[in-house]
Amino acid sequence: NAGVMQNPRHLVRRRGQEARLRCSPMKGHSHVYWYRQLPEEGLKFMVYLQKENIIDESGMPKERFSAEFPKEGPSILRIQQVVRGDSAAYFCASGGRGAYEQYFGPGTRLTVT
Amino acid sequence: AQSVTQLDSHVSVSEGTPVLLRCNYSSSYSPSLFWYVQHPNKGLQLLLKYTSAATLVKGINGFEAEFKKSETSFHLTKPSAHMSDAAEYFCVVSGSGTASKLTFGTGTRLQVTL
């Protein structure tokens, strides 16, 4: 029973490039959450999605960031025109319908040079 | 709105001695509370959860936590620390109902010495 999968594990981008982070939830889970962890800080909620729907994007920056969870395939967190301040670990979590807990993937560590 | 406050940013204990990591919460409704552990450069692992059932919750690796509504606390304890317990621990509160976003505390780094 595979857990939450994220790829790539490490991503290096130059300023101005685009970053695409992928997340495959645990089997049977239909809820996906994205969190960002800045160095030496806790995780901050970004967005909550179900298949083809954004449920809560209250933590997403207003510009350059977008997320999707298509009917088929993984969830994608997309960051356009990256800046140095986007350097962080991005974690995806998944949860089952009716569940309180979330299960986290190993994270994608984004470095912007 | 909900929040959690982890009262210690660093805790150091000797191997074999008890562990206490403190957490206070604030919530306008009956909260669901969690403790997660993060080892260096790793993802997060769920240690235990409280979802309005028994107030004393047992988790993995010998950890447990007690929900105290009168004190708005959810402290994490372990009777005897092991070297492998050295990690970052996060107290977390969930939004109202299931399938809600999680709000994390700032974390407590646990150091275990010989």
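Please refer to the structure placed before this passage.
Residues numbered from 1 in each chain as written. Chains lettered and ligands numbered in written order. Predicted model: local features only at pLDDT ≥ 70, side-chain atom pairs only at ≥ 80, totals over all residues. Heavy atoms only, no water.

**Q** So what's going on with the packing of aromatic side chains? Residues and values would help.
**A** One pass over the structure, following the stated rule, counts 13 aromatic pairs over all chains. Summarising the aromatic geometry, the rings of Phe104(A) and Tyr36(B) are spaced 5.3 Å apart at their centres and angled 85 degrees between planes, so their arrangement reads as edge-to-face. One end of the pair, Phe104(A), is in strand β10 (residues 103–104); the other, Tyr36(B), is in strand β5 (residues 33–38), on a second chain. In this structure Phe104(A) comes out as buried when scored by relative accessible area, which is 10%. A relative accessible area of 0% places Tyr36(B) in the buried class. One aromatic cluster is present, built from ring pairs that chain together Tyr35(A), Phe45(A), Phe104(A), Phe34(B), Tyr36(B), Phe90(B) and Phe104(B). (Phe/Tyr/Trp six-rings, centres within 6.5 Å; stacked < 30°, edge-to-face > 60°. Helix = DSSP H or I, 4+ residues; strand = E, 2+ residues; numbered from the N terminus. Buried < 20%, exposed > 50% of the residue type's maximum accessible area, 1.4 Å probe, protein only.)

**Q** Residues and numbers for the pairing of strand β12 (residues 108–113) of chain B, please.
**A** All names here are of chain B. The alternating pattern of β12 places Thr 108, Leu 110 and Val 112 on a buried face, while none of Arg 109, Gln 111 and Thr 113, on the opposite face, is buried. In this structure, strand β2 (residues 10–14) lies alongside β12, joined through 5 bridges in parallel fashion. Pairing of Ser 14 across the sheet is with Thr 113, part of β12. In this sheet, β12 lies alongside strand β10 (residues 87–94) in antiparallel orientation, the contact comprising 3 bridges. Within the sheet, the bridge partner assigned to Glu 88 lies in β12 and is Arg 109. (Pairing = 2+ DSSP bridges.)

**Q** Break down the nonpolar core for me, citing the residues and quoting the values.
**A** Ranked by internal contacts, the top residues of the largest apolar core, which has 26 residues, are Trp35(B), Leu48(B), Leu76(B) and Tyr89(B). The element contributing the most residues to this core is β10(B), with 4 residues. Counting 23 residues, the second largest nonpolar core, distinct from the first, contains Leu11(A), Met26(A), Phe65(A) and Leu77(A). (Core = buried A, V, L, I, M, F, W, Y, C linked by side-chain atoms within 4.5 Å.)

**Q** For the side chain of Asp86(A), give the residues involved together with the corresponding values.
**A** Residues and elements named next belong to chain A. Within the secondary structure, Asp 86 is located in the loop between β8 (75–79) and β9 (88–95). On the accessibility criterion, Asp 86 (3% relative accessible area) is buried. Polar side-chain contacts of Asp 86 include one of 2.7 Å to the side chain of Arg 64. In contact with Asp 86, other than residues within four places in its own chain, are Arg 36, Arg 64, Phe 65, Ile 79, Leu 110 and Val 112. (Polar contact = N/O pair within 3.5 Å; in protein donor to acceptor, adjacent residues only side chain to side chain. Contact = heavy atoms within 4.5 Å.)

**Q** Provide a residue-level description of unusual backbone geometry, including the pertinent values.
**A** Look at the link from Asn7(A) to Pro8(A): it is a cis peptide, with omega at -5 degrees. In this fold, Pro8(A) is placed in the loop between β1 (5–7) and β2 (10–13). Positive phi, normally seen in glycine, also occurs at Gln81(A), with a value near 45 degrees. Of note, Gln81(A) is situated in the loop between β8 and β9. Its identity as a non-glycine residue notwithstanding, Asn61(B) has a phi of 60 degrees, on the positive side. Turning to its location among the elements, Asn61(B) is positioned in the loop between β7 (56–58) and β8 (64–68).

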